[in-house]
Amino acid sequence: MEKSVHYARIVDLETLEIRSGPKLPYSGGACVALSLEIIRGEPPMICTFGGTIDSHESGKFLPYSSCYDRLRERWWFPFGKLPMAFDHGSVAFIPPRRCQENDPGRIIILNFRTESFGTQRSEMMAYDLPGGGWDLEQLQGLDMEESGSWYIYTNVSYGGATDRANCSR
């Protein structure tokens, strides 16, 4: 059974040793994480999205995102509240201009579930990143309870195990 954690876990990629990191702004587990440049010219922050408080059987899914600033040793909430609470998803960063010349950098969250042991959802949530990142003044004015500028990027239909294009692999 998975349980919530109160501290981020840091894995040393050379030794594979695990140690406790900073205290999380909310206890959770089963979130997705991504390293992103939030403040231009500064080291990337580790950003978490979604997760579960307590066990998978009876836990509460989280609609929150947060980014840890190693320089200031604090959490920021640049993405606001997610449109839906989820756990066990996947997250991808799409660099600017990857598909179209004027496309912004984008975060896409996919393959997530919104109920205990549920099927992955077909929606893909997206967030367009600001071109210059955020500055400290902007970050200080953002709250984890405020709705973020998330939108549904696409909705893929799923026809079950016989759906060759979209079935689980």
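Owing to the predicted nature of the structure, the values given are computational and were not obtained by experimental measurement.

Caption draft 1: Highlighting the sheet that holds strand β8 (residues 74–76). Ordered by their spatial adjacency, four strands build an open sheet running β3-β4-β7-β8, and the pairing between neighbours is antiparallel. Edge strands, defined here as strands with exactly one partner in the open sheet, are β3 (32–36) and β8. Taken pair by pair, the neighbouring strands of this sheet meet at an average axis angle of 30°, ignoring direction. Here β3 runs beside strand β4 (residues 45–49); their pairing, made up of five bridges, is antiparallel. Bridge pairing in β4 links Ser-35 to Ile-46.

Caption draft 2: View of a nonpolar patch on the surface. Taken together, the side chains of Val-11, Leu-13, Leu-16 and Ile-18 define a hydrophobic patch exposed on the protein surface, amounting to about 460 Å² of accessible area. Residue position: Val-11 is located in strand β1 (residues 5–11).

Caption draft 3: Just the pairing of β1, in detail. Where β1 and strand β2 (residues 18–28) come together, five bridges link them in antiparallel fashion. Across the sheet, the residue bridging to Ile-10 is Arg-19, located in β2.

Caption draft 4: Spatial organisation of the nonpolar core. Formed by 24 residues in total, the largest nonpolar core has its most connected members in Ile-38, Phe-49, Phe-79, Ile-107, Ile-109 and Trp-150. Elements represented by at least two residues in this core include exactly β3, β4, β10 (106–110) and β11 (123–128). Non-local contacts of Phe-79, meaning those with residues more than four positions away in its chain, are made with Leu-36, Ile-38, Cys-47, Phe-49, Ser-65, Cys-67, Ile-107, Tyr-127, Leu-129, Trp-134, Gly-148 and Trp-150. Counting residues in hydrophobic clusters, the runner-up holds ten residues, among them Ala-8, Leu-24, Trp-75 and Met-144.

Caption draft 5: Looking closely at unusual backbone geometry. Here Leu-16, not a glycine, exhibits a phi torsion of approximately 60°, which is positive. Assignment of secondary structure puts Leu-16 in the loop between β1 and β2. For Asn-111, which is not a glycine, the phi torsion comes out positive at approximately 55°. For Asn-111, the location among the structural elements is in the loop between β10 and β11.

Caption draft 6: Main features of the packing of aromatic side chains. Taken as a whole and judged by the stated rule, the model has eight aromatic pairs. Ring plane angle 50° and centroid distance 5.5 Å describe the contact between Phe-49 and Phe-79, whose orientation is recorded as tilted. Taken together, the residues span a long stretch of sequence, with Phe-49 in strand β4 and Phe-79 in the loop between β8 and β9 (90–94) at a distance of 30 residues. Taken as a pair, Phe-49 and Phe-79 share a single burial class, namely buried. Put simply, the rings of Phe-49, Phe-79, Tyr-127, Trp-134 and Trp-150 pair up and form one aromatic cluster. Over the ring of Tyr-7 we find Lys-23; its NZ or CZ atom is 5.7 Å from the centre of that ring. Positioned above the aromatic ring of Trp-76, the side-chain terminus of Arg-74 is 3.5 Å from the ring centre.

Quick notes on the rules
Residues numbered from 1 in each chain as written. Predicted model: local features only at pLDDT ≥ 70, side-chain atom pairs only at ≥ 80, totals over all residues. Heavy atoms only, no water. Pairing = 2+ DSSP bridges. Helix = DSSP H or I, 4+ residues; strand = E, 2+ residues; numbered from the N terminus. Axes fitted to C-alpha atoms, helices over the stretch in contact; angles between N-to-C directions. Patch = residues over 30% accessible without salt bridge, like charges linked within 9 Å, V, L, I, M, F, W, Y side chains within 5 Å. Areas by Shrake-Rupley, 256 points an atom, 1.4 Å probe, with all protein chains shown as cover. Salt bridge = Lys/Arg side-chain N within 4 Å of Asp/Glu carboxyl O. Core = buried A, V, L, I, M, F, W, Y, C linked by side-chain atoms within 4.5 Å. Buried < 20%, exposed > 50% of the residue type's maximum accessible area, 1.4 Å probe, protein only. Contact = heavy atoms within 4.5 Å. Phe/Tyr/Trp six-rings, centres within 6.5 Å; stacked < 30°, edge-to-face > 60°. Lys NZ or Arg CZ within 6 Å of the ring centre and 35° of its normal.

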